[in-house]
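Secondary and tertiary structure notes
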Amino acid sequence: DPGRLQESLDDPEAMRISVWDFAGQEVFYTSHVMFLNSNCLYMVVFSLEEFLGREDSANDNTAERQKKDAEEYLRFWLGNIRTFAP
């Protein structure tokens, strides 16, 4: 209902939703903390394929490295959220 939507947009007490897709490259890591606070809901999305290893990996060392990288990446994000948005 467009009328109802307009009413909620005009209400200063209405909930606002912003969706941010943080760049995953290390060069952007320092800017992420500006957006992390305890008034937010966080959703961490990652590929289980990366975490569990790809079937098409050429050898076991590559698969293990992929798993380790994925785990470090996931720990990084969860650690940042825990630190900056308690």
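Below is a summary of the structure that appears in this document. Every chain is numbered on its own, with residues counted from 1 as its sequence reads. Per-residue local features are limited, in this predicted model, to residues with pLDDT of at least 70; the limit for side-chain atom pairs, both in listing and counting, is 80 or more; totals at the level of whole chains, interfaces and linings are taken over all residues. Water and hydrogen atoms play no part in the side-chain values, which are based on all heavy atoms of the structure.

A short note on helix H4 (residues 60-84)
Test applied: Secondary structure elements follow DSSP: runs of H or I no shorter than four residues count as helices, runs of E no shorter than two count as strands, and numbering proceeds from the N terminus. One fewer than the residue count of a helix, multiplied by 1.5 Å, yields its expected span. With a 1.4 Å probe rolled over the protein chains alone, any residue whose accessible area is under 20% of its type maximum counts as buried; one over 50% counts as exposed, and the rest are partly exposed.
With 25 residues, H4 extends 36 Å from end C-alpha to end C-alpha; this agrees with the ideal 36 Å at 1.5 Å per step. All of the buried residues along H4 are Ala63, Gln66, Ala70, Leu74, Trp77, Gly79, Asn80 and Ile81.

Some words on the pattern of salt bridges
Going by this rule: What makes a salt bridge here is a side-chain nitrogen of Lys or Arg within 4 Å of a carboxyl oxygen of Asp or Glu, nothing more.
Overall, the coordinates contain four salt bridges when judged by the stated rule. The salt bridge partner of Asp69 is Arg65, with a shortest N-O separation of 2.4 Å. Here Asp69 and its partner Arg65 are both found in helix H4, four residues apart, which amounts to about one turn of the helix. Given the relative accessible area of 36%, Asp69 is considered partly exposed. The salt bridge involving Arg75 is made with Glu71; its shortest N-O contact spans 3.0 Å. Taken as a pair, Arg75 and Glu71 lie in helix H4 at a separation of four residues, close to a single helical turn. Arg75 gets classed as exposed once you look at its relative accessible area, which sits at 58%.

Remarks on the packing of aromatic side chains
The test is simple: The criterion for an aromatic pair is that two Phe, Tyr or Trp rings (for Trp, the six-membered ring) have centres within 6.5 Å, with stacked assigned to planes under 30 degrees apart, edge-to-face to planes over 60 apart and tilted to the rest.
Scanning all chains against the criterion turns up four aromatic pairs. Where Tyr29 meets Phe76, the ring centres are 4.1 Å apart and the plane angle is 20°; that geometry is what we call stacked. Taken together, the positions of Tyr29 in helix H2 (residues 29-32) and Phe76 in helix H4 put the pair 47 residues apart, joining distant regions of the chain. For Phe76, a relative accessible area of 24% corresponds to the partly exposed category. Between Phe76 and Trp77 the ring centres are 5.4 Å apart and the planes differ by 80°, which places this aromatic pair in the edge-to-face class. A relative accessible area of 9% places Trp77 in the buried class. Through a chain of ring-to-ring contacts, the aromatic side chains of Tyr29, Tyr73, Phe76 and Trp77 assemble into a single cluster.

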